[in-house]
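Structural overview for review
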There are 2 protein chains.
Amino acid sequence: MKNAHDLINANFKNAKLLIVEDNNDQWLIIQQAMRQCMSELTAERVSTLEQAMTLLNDWRYQEWEIPKLILLDLYLPTNADGWWLLKQIRAMSSSIGKLPIVMLTSSVDPIDIKDAYRLGVSAYVVKPIEFADWLTCFRELRTYWLETVTLPSIQYEF
Amino acid sequence: MKNAHDLINANFKNAKLLIVEDNNDQWLIIQQAMRQCMSELTAERVSTLEQAMTLLNDWRYQEWEIPKLILLDLYLPTNADGWWLLKQIRAMSSSIGKLPIVMLTSSVDPIDIKDAYRLGVSAYVVKPIEFADWLTCFRELRTYWLETVTLPSIQYEF
């Protein structure tokens, strides 16, 4: 029988994050932070809604490629884009629809925060400004999602 | 204008957790862990579905009483009880329906894990066995939910 420890170890197996981020500078920062705090994980980045939908649709038939967690920027470049993508993901009937989604955005607008939770994000994280705070943030995302939480298991559909 | 730091500080203002736990021994452990790792937070515990629904309905008219986070046991005493309560909370139109819910359960059944994410938990955490691991878990819940994440704002309805 599996125990909690096995489940945590399983979190790291072929672990990948999907990062939806349209800004190249922010993507450079995220890569740096991941290299320092999540070196076992790979990152797959998309920068447009079209790229995101292509990848998500491919994964329906390649479930071993599905990431552990999605980091979703909101303003892509407008928040209507981010909401559209969040709704598309949450409406997917495959394992992808149930993945944890952390909204990672510069917006501190209370309406954005409220709408994010209403539309089903797992958490809303405001992007840090200082690089030291990015490291703290990514270290924390790692500890929480990969060492504390039990993630949804991926189920093959075919 | 609010910045990320103000938002984090706001997380601690009158911070309370709702704990839905039917087992008294587990509740004693949770209280101990909270005392050591979340001393600024108060805990409100309910042990039956009826108590939970009464409290949640009261909070619709006392939104200043709404907690920051719900820790929800699943087997209350059967998982049908936990699923029923999770669905009730997620169907609430008030701010309560959007609160982060961490399922905190002893179950490592993959079907429970899958169903929890499908029904809208923010995360699924397997209850530790050793007390030292409970402390690590609660320290981590605190760092993540109160120091990293921006929580949904409570909106007064009346």
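Values in this document were obtained by computation on a predicted structure and should not be read as measured data.

**Some points on the interface of chain B and chain A**
Listed by partner, the interface residues are 32 residues for chain B and 31 residues for chain A. Summing the contributions of chain B and of chain A, the shared interface buries around 2600 Å²; its carbon and sulfur component is 68%. Taken together, the links from chain B to chain A amount to eight residue pairs in polar contact (both at pLDDT 80 or more). At the level of elements, helix H1 (4-11), helix H5 (110-118), strand E5 (123-126) and helix H6 (131-147) of chain B are the ones that each hand at least two residues to the side of chain B that touches chain A. Here the side of chain B that touches chain A gets six residues from one element, more than from any other, and that element is H6(B). Of the residues that constitute the side of chain B that touches chain A, the class distribution is 20 nonpolar, seven polar and five charged.

**Considerations on the UniProt feature "domain: Response regulatory" (unreviewed entry) in chain A**
UniProt feature "domain: Response regulatory" (unreviewed entry): in the numbering of this structure it lies at residues 16-142 of chain A. Between the first and last C-alpha atoms of residues 16-142 of chain A the distance is 12 Å; the span itself is 46% helix and 18% strand.

**Some points on the side chain of Lys16(B)**
All names here are of chain B. Turning to its location among the elements, Lys16 is positioned in strand E1 (residues 16-20). On the accessibility criterion, Lys16 (8% relative accessible area) is buried. Among the polar contacts made by the side chain of Lys16, one reaches the main-chain carbonyl oxygen of Glu65 at a distance of 2.7 Å. Look past the residues within four positions of Lys16 in its chain and what remains in contact with it is Thr42, Glu44, Trp59, Glu65, Pro67, Lys68 and Leu69.

**Considerations on the sheet that holds strand E2 (residues 42-46) of chain B**
All names here are of chain B. Read from one edge to the other, the open sheet built from five strands follows the order E2-E1-E3-E4-E5, with strand pairing classed as parallel. Every other strand in the sheet has two partners, leaving E2 and E5 as the edge strands with one partner each. This sheet shows a mean twist of 25° between the axes of neighbouring strands, independent of strand direction. Each of strand E4 (101-105) and E5 is contacted by H5, which is oriented at about 150° to E5, the strand it contacts most. Against the sheet, H6 engages strand E3 (69-72), E4 and E5, with an angle of about 175° to E4.

**Notes on the nonpolar core**
Counting residues in each nonpolar core, the largest one holds 112 residues, and the members touching the most others are Phe138(A), Trp145(A), Phe138(B) and Trp145(B). If sequence neighbours within four positions are ignored, Trp145(B) has contacts with Tyr117(A), Ser122(A), Ala123(A), Tyr144(A), Asn11(B), Leu69(B), Pro100(B), Val102(B), Ser122(B) and Leu151(B).

**Here's the deal with the packing of helix H4 (residues 79-90) of chain A against helix H5 (residues 110-118) of chain A**
Angle between the axes and distance between the axes are the two parameters that describe a pair of packed helices. Residue and element names in this part refer to chain A. Two numbers describe how H4 lies on H5: the axes approach to 11 Å, and their chain directions differ by 10°. In terms of axis orientation, H4 runs roughly parallel to H5. Together, Asn79, Trp83 and Leu86 of H4 and Asp112, Asp115 and Ala116 of H5 make up the contact between the two elements. Residue composition of the contact of H4 with H5, grouped by class: three nonpolar, one polar and two charged.

**Some details on the sheet that holds strand E2 (residues 42-46) of chain A**
Residues and elements named next belong to chain A. Strand order in the open sheet made by the five strands is E2-E1-E3-E4-E5, with parallel pairing throughout. Each having just a single partner strand, E2 and strand E5 (123-126) make up the two edges of the open sheet. Along the sheet, successive strands turn relative to each other by an average axial angle of 25°, direction set aside. Against the sheet, helix H3 (residues 49-59) makes contact with strand E1 (16-20) and E2, and its axis sits at roughly 130° relative to E2, the strand it touches most.

What counts as what
- Residues numbered from 1 in each chain as written.
- Chains lettered and ligands numbered in written order.
- Predicted model: local features only at pLDDT ≥ 70, side-chain atom pairs only at ≥ 80, totals over all residues.
- Heavy atoms only, no water.
- Contact = heavy atoms within 4.5 Å.
- Buried area = accessible area lost by both parts, 1.4 Å probe.
- Polar contact = N/O pair within 3.5 Å; in protein donor to acceptor, adjacent residues only side chain to side chain.
- Helix = DSSP H or I, 4+ residues; strand = E, 2+ residues; numbered from the N terminus.
- Nonpolar A, V, L, I, M, F, W, Y, C, P; charged D, E, K, R; others polar.
- UniProt positions renumbered as here; feature names shortened; annotations may be inferred.
- Buried < 20%, exposed > 50% of the residue type's maximum accessible area, 1.4 Å probe, protein only.
- Pairing = 2+ DSSP bridges.
- Axes fitted to C-alpha atoms, helices over the stretch in contact; angles between N-to-C directions.
- Core = buried A, V, L, I, M, F, W, Y, C linked by side-chain atoms within 4.5 Å.
- Parallel < 35°, antiparallel > 145°, perpendicular 65-115°, else oblique.

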